[in-house]
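# Summary of the model geometry
Each chain, written out:
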Amino acid sequence: MIKRIVLFLLQLLSFGALMWIGGFWDVLHLQAEVTHSVWASIPVFKYPVSSTHILIADGLIFAGVLLLIILLLQALARRLRPWAALSVVAYIIAAVVTLALKVGLPPAS
């Protein structure tokens, strides 16, 4: 049980970290373009949320890909039934917390 709690917290922190990094992807993408890095090939996904804010959705996409990888590994190990829900809950909690902190919501220019 302790192992599952630690894995849940690790997933929560990793989803949050990916959402945090993806929330600043426009700045990181610009820096990668200037230095001609391989990371410049990953595009920036921007969506207008209101007239004063835009959402940089790269963090949600990065964490979503990690969630799909975790669910695939759980399915291959045949441990999908009880633990997949905890992975999805960790993703949802991380998304709510990072959006509440306004990560990835810079003011529209």
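Structure first, text after, so check above.
What comes next concerns the included structure.

What counts, and where the lines are drawn
- Residues numbered from 1 in each chain as written.
- Predicted model: local features only at pLDDT ≥ 70, side-chain atom pairs only at ≥ 80, totals over all residues.
- Heavy atoms only, no water.
- Helix = DSSP H or I, 4+ residues; strand = E, 2+ residues; numbered from the N terminus.
- Expected span 1.5 Å × (residues − 1).
- Buried < 20%, exposed > 50% of the residue type's maximum accessible area, 1.4 Å probe, protein only.
- Arc of directions from axis to C-beta.
- Contact = heavy atoms within 4.5 Å.
- 1 Å grid on protein atoms, 1.4 Å probe; cavity = no way out; pocket = protein on both sides within 12 Å on 5 of 7 lines; lining within 4 Å.
- Points joined across faces, edges and corners; volume = space filled by probe spheres on them.
- Axes fitted to C-alpha atoms, helices over the stretch in contact; angles between N-to-C directions.
- Parallel < 35°, antiparallel > 145°, perpendicular 65-115°, else oblique.
- Nonpolar A, V, L, I, M, F, W, Y, C, P; charged D, E, K, R; others polar.

For helix α4 (residues 80-100), spanning 21 residues, the distance from its first C-alpha to its last is 29 Å, which sits close to the expected 30 Å at 1.5 Å a residue. Every buried residue of α4 is accounted for by Ala84, Ser87, Ala90, Tyr91, Ala94, Ala95 and Thr98. The arc enclosing the buried residues of α4, seen along the axis, measures out at 130 degrees, which places them on a common side. Exposed positions of α4 whose direction lies more than 90 degrees from the buried face are Arg81, Val96 and Ala100. Looking at the buried side of α4, the elements it contacts are α1 (2-23) and α3 (58-76). Trailing α4 by a residue or two, Lys102 shows a phi angle of about 60 degrees, which is positive.

Quick look at the layout of surface pockets now. Roughly 170 Å³ of internal volume is contained in the largest pocket. Surrounding the largest pocket, Met1, Lys3, Arg4, Leu7, Leu73, Gln74, Ala77, Arg79 and Trp83 form its lining. Elements that contribute at least two residues to the lining of the largest pocket include exactly α1 and α3. Per-element accounting of the lining of the largest pocket gives the leading share, three residues, to α1.

End to end, α1 covers 31 Å across 22 residues, agreeing with the expected 32 Å (1.5 Å per residue, within 8%). Of the positions making up α1, those classed as buried are Arg4, Phe8, Gln11, Phe15, Gly16, Met19, Gly22 and Gly23. The arc enclosing the buried residues of α1, seen along the axis, measures out at 130 degrees, which places them on a common side. Exposed residues pointing more than 90 degrees away from the buried face of α1 are listed as Ile2, Lys3, Leu10 and Leu13. Contacts made by the buried residues of α1 are with α2 (25-34), β2 (54-56), α3 and α4.

Moving on, we get to the packing of α3 against α4. Look at α3 against α4: their axes get within 10 Å of each other, and the N-to-C directions meet at 170 degrees. Classified by the interaxial angle, the pair formed by α3 and α4 is roughly antiparallel. Within the contact between the two elements, α3 uses Leu60, Ala63, Gly64, Leu67, Ile70, Leu71, Gln74 and Ala75 and α4 uses Leu80, Trp83, Ala84, Ser87, Val88, Tyr91 and Ala95. Here the residues of the contact of α3 with α4 are counted per class, giving twelve nonpolar, three polar and no charged.

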